Amino acid sequence: MLEIRWHSRAGQGAVTGAKGLADVISTTGKHVQAFAFYGSAKRGAAMTAYNRVDDAMIMNHEKYMEPDFVFVIDPALVYTSDVTINHKDSTKYIITTHLTREELVKAQPKLEGKDVYTVDCITIANETIGRPIPNTPMLGAFMKVSEMYDIEFFKESMKRILGKLPQKIVDANMIAIQRAYDEVK
């Protein structure tokens, strides 16, 4: 079973991103879950969202997991939350930051020896979508790191999911997804 944990602040789109990813995955015949855990319901409060993916029906509904991937879409959470909790040796971390991987690991020693990827999803979102909602750029970076799906298949699927939004917002999200895919290191 593939497990993903999102670290975010309420209002940054982690729940929407987890649900969007689940929607894409569900079209490929896999079983998937997307759910969230909120501490405070206020915008800006730290929160986590989760995905599980498997070929078989998923009976586990607990928030506890040993994630294969950890997405950190608010860079401050690397310092204020333990994003490495319950990790496996093979866990991959995709972290939104303007820092290089080396600078980030030096600033947060808990990431030492971990498989860390960095991409500035907030800047990408601001420059493409016009708002600091980094969920779709994070998914673009995930497609690159995980090689789960071809980026063109993923973008076409996301166009369907975002279809209720104005076309300029859909187009901006496609640019954001592609930029993060291209820029993740």
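Residues numbered from 1 in each chain as written. Predicted model: local features only at pLDDT ≥ 70, side-chain atom pairs only at ≥ 80, totals over all residues. Heavy atoms only, no water.

Trainee: Which residues make up the pairing of strand β3 (residues 46–54), and what values go with them?
Mentor: β3 sits mainly inside the fold: seven of its nine residues count as buried. Sheet analysis places strand β1 (residues 2–9) next to β3, joined by eight bridges and oriented antiparallel. Bridge pairing links Leu-2 to Val-53 in β3. Direction of pairing for strand β2 (residues 31–38) relative to β3: antiparallel, over a ladder of eight bridges. In the strand pairing of β3, Val-32 is matched with Val-53. (Buried < 20%, exposed > 50% of the residue type's maximum accessible area, 1.4 Å probe, protein only. Helix = DSSP H or I, 4+ residues; strand = E, 2+ residues; numbered from the N terminus. Pairing = 2+ DSSP bridges.)

Trainee: Just give me the short version of the packing of helix α4 (residues 121–128) against helix α7 (residues 167–183), but keep the residues and values in it.
Mentor: At a minimum axis separation of 9 Å, α4 and α7 run at an interaxial angle of 150°. The two elements α4 and α7 cross, and the hand of that crossing is right-handed. Residues Ile-124, Glu-127 and Thr-128 of α4 form the contact with α7, whose own contacting residues are Ala-172, Ile-175, Ala-176, Arg-179, Ala-180 and Glu-183. Class assignment of the residues belonging to the contact of α4 with α7 gives a composition of five nonpolar, one polar and three charged. (Axes fitted to C-alpha atoms, helices over the stretch in contact; angles between N-to-C directions. Left-handed = near helix turned anticlockwise from the far one by under 90°. Contact = heavy atoms within 4.5 Å. Nonpolar A, V, L, I, M, F, W, Y, C, P; charged D, E, K, R; others polar.)

Trainee: Describe the pattern of salt bridges, listing the residues and the values that go with them.
Mentor: Tallied over the entire structure, the rule returns 11 salt bridges. Asp-115 is paired through a salt bridge with Lys-92; the nearest N and O atoms lie 3.4 Å apart. One end of the pair, Asp-115, is in strand β6 (residues 115–119); the other, Lys-92, is in strand β5 (residues 92–96), with 23 residues separating them in the sequence. For Lys-92, a relative accessible area of 24% gives the class partly exposed. One continuous salt-bridge network, built from bridges that share partners, spans Glu-127, Arg-179 and Glu-183. (Salt bridge = Lys/Arg side-chain N within 4 Å of Asp/Glu carboxyl O.)

From the geometry alone we can't say anything about function, so treat these as descriptive.
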